[in-house]
Amino acid sequence: MQALQTQTVMHHFDGGNSLCLCVCAAGQNLDNQYLVAMRRNLILTAWISCITALCGIGQTDILDSGGKLTALQASYDVTHYGLELSIDPEKQWIGGSLTVTARVVEPMEVLELDLDTVYDISSVVGEGKAGDLAVERDLGKIHIKLGRKYQAGEFFTVTVAYSGNPRVAPNPPWAGGFTWDKTPSGAHWIATSCQGQGADLWWPCKDNVSDEPDSMDLRISVPTGLYAACNGVLRDSSSEAGSTMYHWHISTPINIYTVALNIGPYVLIEETYTSVTGEEFPFIFYVLPENVEQGREIMPEFMDHMSFFEEMLGPYPFRADKYGVVQTPHLGMEHQTIIAYGANFDNTAMLGRDFGFDALHHHEMAHEWWGNLVTNSSWEDVWIHEGFGSYMQALYCERIGGEEAYHNYMRFSRFFTQPLPVAPKETKTAGEAFRAPVYTKGAWILHTLRNYIGDEAFFASLKQMVYPDENHLNATDGSQCRFVDTDDFQTIAEEQSGQNLDWFFDLYLRQAELPTLVAHRISDKKVKLLWNMPVDYPMPIPVEIRYGDEELTEVIPEDGIIIKVKQSEKLYLDPKKRILCDISD
Ligand SMILES: [Zn+2]
């Protein structure tokens, strides 16, 4: 362990291989978990825990992402990243440069970027500056002396040339890095994933979800014969000396963990989709040659997912670029405009059960709204990506299978146990935030809110959360994207429902314990019902109660209620499971 830390300082530690053992061990124990999403939580946790144990520190800059900004990070706002990379699959090597343009927020003379220690930096140059800029590296941080003090409002441009063998993803997409795989016919098949660890696993960046570039360009060179499918729009491609360069332009802000390389002998299945706004945009599936038929067959379903989301939430946010989905050697990720799809045309791939649709694709597409259009300003609010994203599959079940299918889905996903609040108020890193049950408990919180405030207010709240007004809804120039947090959603839900929801958010999101509905028999004929509340509020959600021929719906007051149920009668509390709570009877 100490040796690993020492090697880290020397910028050469081979953490990927060592950590792989920890992660795989954790992964094997989790094979019987119900949901892959759950595995994703736990494996990420296990991975971070391994790092913590190995390094003896709370987190490393490289293998975690986000958290509190350092003063140096807070002093600039990235406006553009330009990433030029050559990919050598045989040597599992990448090399090129990253150019960052940023606006100064606080006076600064040192630029802090994050980059994995596995790379060598060959030069750092500043626009308009002669010679290289002075650089110091400290673990995963690069400190670049800009040569003078920049004042607030000024812009600077710095280019970092770097190369090396990126960390091999121990368990993509949860424990990320590069995946160097082969297609069934033996062609190179490469993908990146870095949600939990941040984009500094493969390029120099400000590794914090709170700063998105306004736009980005990627120029990716791969051996001719392979296709590099990336975010945004393909501007051009050119080949020389056995190498083909693909220039992708992302015209909107992008949360940088969703910037991705997907390289393979892809065949493009291209459609044009007409948005609810009337605008047309390309709808492209980048599929392996072996799967073209299956790709064609599933396109109508993918397009139906799109029409569901447009109807439920509003127009697809990235109409100016494209909707892309690309076949990947890992399960999936919400890479903006180039959704990673590794479900292999198997409806059970994500959930372990077939609910009649490709849940993995549906989930990742949901993130184009929940995560990419609106992004958590810090990771403690990641339930806005994952809880909302997961709840969309339940709503799609309801759309294709009716109310019973919806309730079946919700019951299936009721298995979370982690005793951490879904949306704590304290700043969290990605690694910390994913330890909370942000997926399924997040979805159950929305289910409960919907039951409490009613469909009209609830669905209007979803729409307002993604598009607060007509300007956002109609924009395609990037101004539709914004940062949100849990308080924003509370404000919207209160506005739409006309109710104060402090109790709801404090109960379900800010602390971990669930309310318990206690049924206590006090005589042969009577049962007392009482809420055991972990917060200092009464529980105002009406409870459905069934016994014998009786069906009641009651708000149970703080001192409880007594109902006349004979010993011989079976008592059903909240039989439809509309409320996120424990029941003790
Ligand atoms: Zn997700």
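Residues numbered from 1 in each chain as written. Predicted model: local features only at pLDDT ≥ 70, side-chain atom pairs only at ≥ 80, totals over all residues.

Caption draft 1: Region of interest: the sheet that holds strand β24 (residues 543–547). Pairing is antiparallel across the open sheet formed by three strands, whose spatial order is β25-β24-β27. Each edge of the sheet is formed by a strand with only one pairing partner; in this case those strands are β25 (550–554) and β27 (571–573). Within this sheet the neighbouring strands show an average axis-to-axis angle of 15°, counted without direction. (Pairing = 2+ DSSP bridges. Helix = DSSP H or I, 4+ residues; strand = E, 2+ residues; numbered from the N terminus. Axes fitted to C-alpha atoms, helices over the stretch in contact; angles between N-to-C directions.)

Caption draft 2: Molecular detail of the environment of I384. In this fold, I384 is placed in helix α7 (residues 383–412). Of the residues examined, I384 has 24 C-beta atoms within 10 Å and is grouped as buried. Between the alpha carbons of I384 and D485 there is a distance of 7.6 Å; along the sequence they are 101 residues apart. Sequence-distant contacts of I384, that is, excluding residues within four places in its chain, are made with W370, V374, N376, V484 and F489. (Buried ≥ 20, exposed ≤ 12 C-beta atoms within 10 Å, placed from the backbone. Contact = placed C-beta atoms within 7 Å.)

Caption draft 3: Highlighting the sheet that holds strand β15 (residues 267–274). Pairing is mixed across the open sheet formed by five strands, whose spatial order is β15-β16-β17-β19-β18. The open sheet is flanked by β15 and β18 (332–333), the only strands paired with a single partner. When strand β16 (residues 280–287) meets strand β17 (residues 323–327), the two strands line up parallel, connected through four bridges. Bridging across to β17, I284 finds its partner in G324. Across the sheet, helix α5 (residues 292–313) lies against β15, β16 and β17, angled at about 25° from β15, the strand it touches most. Packing against the sheet, helix α6 (residues 359–366) makes contact with β17, β18 and β19 (339–341), and its axis sits at approximately 165° to β19.

Caption draft 4: View of the nonpolar core. Of all hydrophobic cores here, the largest spans 143 residues; its most connected members are A199, I220 and C230. Sort the elements by how many residues they give to this core and α7 lands first, with 11 residues. When residues of this core are assigned to domains, at least three fall in each of domain 1 (71–296 + 324–338) and domain 2 (516–584). (Core = buried A, V, L, I, M, F, W, Y, C linked by C-beta atoms within 7 Å. Domains from an automatic or database assignment.)

Caption draft 5: Just unusual backbone geometry, in detail. A cis amide bond, omega 0°, links P172 with the succeeding residue P173. For P173, the location among the structural elements is in the loop between β7 (155–164) and β8 (177–182). If you check the backbone angles, A241 has positive phi at about 50° while not being a glycine. Topologically, A241 is positioned in the loop between β12 (233–240) and β13 (243–250). Given 5 C-beta atoms within 10 Å, A241 falls into the exposed group.

Caption draft 6: Highlighting the packing of α6 against α7. Close contact between α6 and α7 brings their axes to 8 Å; oriented N to C, the two are set at 130°. Looking at the two axes, α6 sits oblique to α7. As α6 runs across α7, the sense of the crossing is right-handed. Two secondary-structure elements touch here, α6 through A359, H362, H363 and A366 and α7 through G389, S390, M392, Q393 and Y396. Among the residues making up the contact of α6 with α7, the classes are represented as four nonpolar, five polar and no charged. (Parallel < 35°, antiparallel > 145°, perpendicular 65-115°, else oblique. Left-handed = near helix turned anticlockwise from the far one by under 90°. Nonpolar A, V, L, I, M, F, W, Y, C, P; charged D, E, K, R; others polar.)

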